[in-house]
Amino acid sequence: MADKLLNPTMPQAVADQQPAGDDMSLRDIRRSMKKDPDGHGISALGYDDVLRTFDNERNVLDAVGLKPTHIREYYDGLRMPERLLTADGRNISRWDMFHPDAENIPKKFTEEDIAAIRAHNEELEKRGVTSCILGKSADNSGSTL
């Protein structure tokens with residue numbers, strides 16, 4: 001990517017974009033993204049169709065603009081927010097990817113939030129339902145909040 005920024009013949013608008021490779025699966029994209037070295041970070045897809053990884057303080061560590069097929073894959077089996085149905089994260093500038101609007105930054109859980117989630121998960125467990133929230137993450141990295 002540094003080559004892109006140093007290439008004098010490439011327009012800045014093109015150099016500022018970091019689209020996901022068309023041949024990469026969402027799983028490959030997620031695996032290739034920088035993660036919090038302490039294991040306390042999270043990843044989230046913003047309303048701007050940019051998949052970001054954050055550290056525990058919600059600083060952006062990495063960001064990739066997703067194409068519509070990746071966004072549908074992200075929401076596989078779940079109801080997609082209407083505003084994401086026609087969006088394309090490949091059109092977002094690199095600056096905007098790393099400086100998202102507040103609505104595209106996941107809320108940081110308070111101690112009360114964490115206690116409520118744990119209580120909810122314990123109740124689900126008593127009923128025989130499993131949850132990965134505040135436990136092992138779905139990407140098998142083993143990180144917790």
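These numbers come from a predicted model, not from an experiment. (Residues numbered from 1 in each chain as written. Predicted model: local features only at pLDDT ≥ 70, side-chain atom pairs only at ≥ 80, totals over all residues. Heavy atoms only, no water.)

Engineer: Would you mind going over the pairing of strand E3 (residues 60-65) with me for this structure?
Structural biologist: Remark: a regular strand shows side chains that alternate across the two faces of the sheet. Burial of E3 is extensive: 5 of the 6 residues sit out of reach of the surface. Here strand E2 (residues 50-54) pairs with E3 via 5 bridges, running antiparallel. If you follow arginine 52 over to E3, its bridge partner there is alanine 63. What sits between E2 and E3 in their antiparallel hairpin is a turn of 5 residues, with arginine 58 showing a positive phi close to 70 degrees. (Buried < 20%, exposed > 50% of the residue type's maximum accessible area, 1.4 Å probe, protein only. Helix = DSSP H or I, 4+ residues; strand = E, 2+ residues; numbered from the N terminus. Pairing = 2+ DSSP bridges.)

Engineer: Please explain the pairing of E2 as it appears in this structure.
Structural biologist: Among the 5 residues of E2, 5 are classified as buried, and the element is accordingly described as predominantly covered. Bridging between strand E1 (residues 42-45) and E2 involves 4 bridges; their strand directions are antiparallel. Following the sheet pairing, leucine 45 is matched in E2 by leucine 51. Connecting E1 to the next strand, E2, in antiparallel fashion are 4 residues, including aspartate 49 with a positive phi near 65 degrees.

Engineer: Looking at this structure, how should I read the sheet that holds E1?
Structural biologist: Either a parallel or an antiparallel arrangement is found when strands of a sheet pair, and the pairing is made through backbone hydrogen bonds. Taking strand neighbours across the sheet as the criterion, the 3 strands line up as E1-E2-E3 in an open arrangement whose pairing is antiparallel. Where the open sheet ends on each side, the last strands, each with one partner, are E1 and E3. Ignoring which end each strand starts from, the neighbouring axes of this sheet average 15 degrees apart. (Axes fitted to C-alpha atoms, helices over the stretch in contact; angles between N-to-C directions.)

Engineer: I tried to follow the packing of aromatic side chains on my own but got confused; where do I start?
Structural biologist: For any pair of aromatic rings, the description rests on two quantities: the centre-to-centre distance and the angle between the ring planes. Inspection of every chain in the model, using the stated rule, returns 1 aromatic pair. When the ring of tyrosine 74 is compared with that of tyrosine 75, the centres are 5.3 Å apart and the planes differ by 65 degrees; the resulting orientation is edge-to-face. Tyrosine 75 gets classed as buried once you look at its relative accessible area, which sits at 15%. The aromatic ring of tyrosine 47 is capped on one face by arginine 83, whose charged end is 4.1 Å from the ring centroid. (Phe/Tyr/Trp six-rings, centres within 6.5 Å; stacked < 30°, edge-to-face > 60°. Lys NZ or Arg CZ within 6 Å of the ring centre and 35° of its normal.)

Engineer: Just to check I follow, could you spell out the side chain of threonine 53 for this structure?
Structural biologist: Within the secondary structure, threonine 53 is located in strand E2. On the basis of relative accessibility, which here comes to 6%, the residue threonine 53 falls in the buried class. Setting aside residues no more than four positions away along its own chain, threonine 53 makes contact with Met33, Lys34, Ile42, Ser43, Asn59, Val60, Leu61 and Asp62. (Contact = heavy atoms within 4.5 Å.)

Engineer: Whenever I open this one, unusual backbone geometry confuses me. Can you help?
Structural biologist: When glycine is set aside, most residues are seen to have a negative phi, and most peptide bonds are trans. With a phi angle near 65 degrees, aspartate 49 is a residue other than glycine that sits in the positive phi range. Mapped onto the elements, aspartate 49 comes out in the loop between E1 and E2. What makes aspartate 49 buried here is its relative accessible area of 0%. A positive phi is found at arginine 58, a non-glycine position, where the angle reads about 70 degrees. Residue placement: arginine 58 occurs in the loop between E2 and E3.

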